[in-house]
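A look at the structure
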Amino acid sequence: MPFHLNPTFREALTDADRPLAGIWVCSGSPLVAEICAGAGLDWLLIDMEHSPNGLESVLAQLQAVAAAAVTAVVRVPIGDVVTIKQVLDLGAQNILVPMVDTAAQAAELVAAVRYPPRGRRGVGSALARSARWNRVEDYLADADRHVSLFVQVETVEGVRNAAEIAAVDGIDGVFVGPSDLAASMGLLGAQTHPDVVAAVLDAFAAVRASGKPVGVNAFDPDAAQRYLDEGASFVLVGADVTLLARGSEALAARWGRAGG
């Protein structure tokens, strides 16, 4: 029986009549991922760069969130063709690659998510969840339709090259990372510094001029709202681990040693 995959994040953004808000899933827990997936947000990001996630835990989280009305994106730790192949074979349909500084890097990533002759993704669909073990009809021919690729601009060089990066055929959108951008500007930890915000908005303008959607990470509600007002198509507004940290601290402040 043919198996039908979910729409990609590219399609979700195209069809949306408003910006899409999401949450980081960094705990590595399928249970926590399932809780976040059912919260009512539009998308979630399963992170492999700064979280204790490997292939097995990403697979478990993709399975845990599959039934929810939410779009799952996986951030790979590095733009490596083998890592990307493995994550795609797990069934991730939406990939975010960090630290992309040039159009040449972006073009290499496009090749990594596409099968030959258009790219160099390894062929293993009969063995992999991506094609549901060949239950997705014509997966090899239609794989490009089932996969979306987003890249992260988070350095001064990346902002400078944002227009060229976004213009690469096969790049479906750009996500701006103010934390690493601030560090790149010599403003470590100052994500809402006026110079950092100005650089983020420069990237916005460049990406939007290319006709591609642009997103941003913004845990500060005022910053998130400003970026939405400035044209962000998608935002991340929190993380599972930070919600747990701040929530447990609030309990401790009232009921625990900190409040006693």
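Residues numbered from 1 in each chain as written. Predicted model: local features only at pLDDT ≥ 70, side-chain atom pairs only at ≥ 80, totals over all residues. Heavy atoms only, no water.

Defined as follows: UniProt positions are given in the numbering used here, feature names are shortened, and annotations may be inferred rather than shown by experiment.
An unreviewed UniProt entry annotates the protein chain as HpcH/HpaI aldolase/citrate lyase family protein of Microbacterium aquilitoris. Note on the protein chain: under the UniProt heading Sequence similarities (unreviewed entry), the record states "Belongs to the HpcH/HpaI aldolase family."

**Quick look at the overall build of the protein chain**
The test is simple: In this description a helix means any DSSP run of H or I spanning at least four residues, a strand means any run of E spanning at least two, and both kinds are numbered starting from the N terminus. In this setup the radius of gyration rests on C-alpha atoms only. A globule is expected at 2.2 Å times the number of residues raised to 0.38. Think of it in three bands: residues with accessible area under 20% of the maximum for their type are buried, residues over 50% are exposed, and the middle band is partly exposed, with areas taken using a 1.4 Å probe on protein chains only. Note on contacts: a residue pair qualifies if any of its non-hydrogen atoms lie within 4.5 Å across the two residues. Where accessible areas are quoted, they stem from the Shrake-Rupley method and a 1.4 Å probe; at the residue level, only the protein chains shown are allowed to cover.
A tally of regular secondary structure across the protein chain gives 12 helices and 8 strands. At 18 Å, the protein chain has a C-alpha radius of gyration in line with the 18 Å of a compact globule built from 260 residues. With respect to the three principal axes, the spread of C-alpha positions in the protein chain is 60 × 40 × 35 Å. Within the protein chain, the proportion of its 260 residues that are buried is 48%. Within the protein chain, counting contacts between residues at least 6 apart in sequence, those at least 24 apart form 61% of the total. Accessible surface computed for the protein chain: about 12,200 Å², of which carbon and sulfur atoms make up 56%.

**What to know about the UniProt feature "domain: HpcH/HpaI aldolase/citrate lyase" (unreviewed entry) in the protein chain**
Mapped onto this structure's residue numbering, the UniProt feature "domain: HpcH/HpaI aldolase/citrate lyase" (unreviewed entry) falls at residues 21-245. Helix makes up 43% of residues 21-245 and strand 17%, whereas the separation of the span's terminal C-alpha atoms amounts to 21 Å.

**Quick notes on the pattern of salt bridges**
The line we're drawing: By salt bridge we mean one thing: a side-chain nitrogen of Lys or Arg within 4 Å of a carboxyl oxygen of Asp or Glu.
Applying the stated criterion across every chain, the model contains 11 salt bridges. The shortest N-O distance in the salt bridge between Arg 10 and Asp 172 comes to 3.1 Å. Here Asp 172 lies in the loop between helix H8 (162-167) and strand S6 (173-176) and Arg 10 lies in helix H1 (residues 9-15), a separation of 162 residues in the sequence. With a relative accessible area of 22%, Arg 10 lands in the partly exposed category. When the shortest N-O distance is used, the salt bridge between Arg 120 and Glu 108 registers 3.0 Å. Of the two residues, Arg 120 is situated in the loop between helix H5 (103-113) and helix H6 (139-146) and Glu 108 in helix H5; the sequence distance between them amounts to 12 residues. The class of Arg 120 is partly exposed, set by a relative accessible area of 45%. Salt bridges here are not isolated pairs; linked through shared partners, they connect Arg 114, Arg 118, Asp 144 and Asp 169.

**So, the nonpolar core**
Applicable threshold: Throughout this description, the term nonpolar core refers to a set of buried Ala, Val, Leu, Ile, Met, Phe, Trp, Tyr and Cys residues connected via side-chain atoms within 4.5 Å.
In this structure, Leu 44, Phe 204 and Tyr 227 are the most contacted members of the largest nonpolar core, which totals 65 residues. In terms of nonpolar packing, the next biggest core, distinct from the first, is built from 14 residues, Trp 24, Leu 96, Phe 150 and Leu 236 among them.

**A word on the pairing of S6**
What counts here: Being paired, for any two strands, means DSSP has found at least two bridges between them.
Here S6 shows a buried face lined by Gly 173 and Phe 175 and a second buried face lined by Val 174 and Val 176. Alignment of strand S5 (residues 148-153) against S6, held across 4 bridges, turns out to be parallel. Following the sheet pairing, Phe 150 is matched in S6 by Gly 173. Bridge count for S6 against strand S7 (residues 214-217) is 3 bridges, and the pairing is parallel. Each residue of the ladder has a partner; that of Phe 175, found in S7, is Gly 215.

**As for helix H11 (residues 221-229)**
The test is simple: What the arc measures is the spread of directions leading from the helix axis to the C-beta atoms. Think of a polar contact as two N or O atoms within 3.5 Å of one another; within protein, one of them needs to be a possible hydrogen donor and the other a possible acceptor, and neighboring residues in sequence only count if both atoms come from side chains.
Taken together, the buried positions of H11 are Ala 223, Ala 224 and Tyr 227. The arc enclosing the buried residues of H11, seen along the axis, measures out at 100°, which places them on a common side. Set apart from the buried face of H11 by more than 90 degrees, the exposed residues are Pro 221, Asp 222 and Asp 229. Contacts from the buried residues of H11 go to helix H10 (194-209), S7 and strand S8 (234-239). With a side-chain oxygen lying 3.0 Å from the backbone nitrogen of Asp 222, the N-terminal cap of H11 falls on Asp 220. Note on H11: the residue one or two positions beyond its end, Gly 231, has a positive phi of about 110°.

**Points about unusual backbone geometry**
Following Pro 116, the chain continues into Pro 117 via a peptide bond in cis, with omega recorded as 5°. Assignment of secondary structure puts Pro 117 in the loop between H5 and H6. Residues other than glycine seldom take positive phi values, yet Met 99 does so here, at roughly 55°. Within the fold, Met 99 resides in the loop between strand S4 (94-97) and H5. The phi angle at Trp 133 is positive, at roughly 55°, despite the residue not being glycine. With respect to the secondary-structure elements, Trp 133 resides in the loop between H5 and H6. Looking at Trp 133, the relative accessible area reads 44%, which means it is partly exposed.

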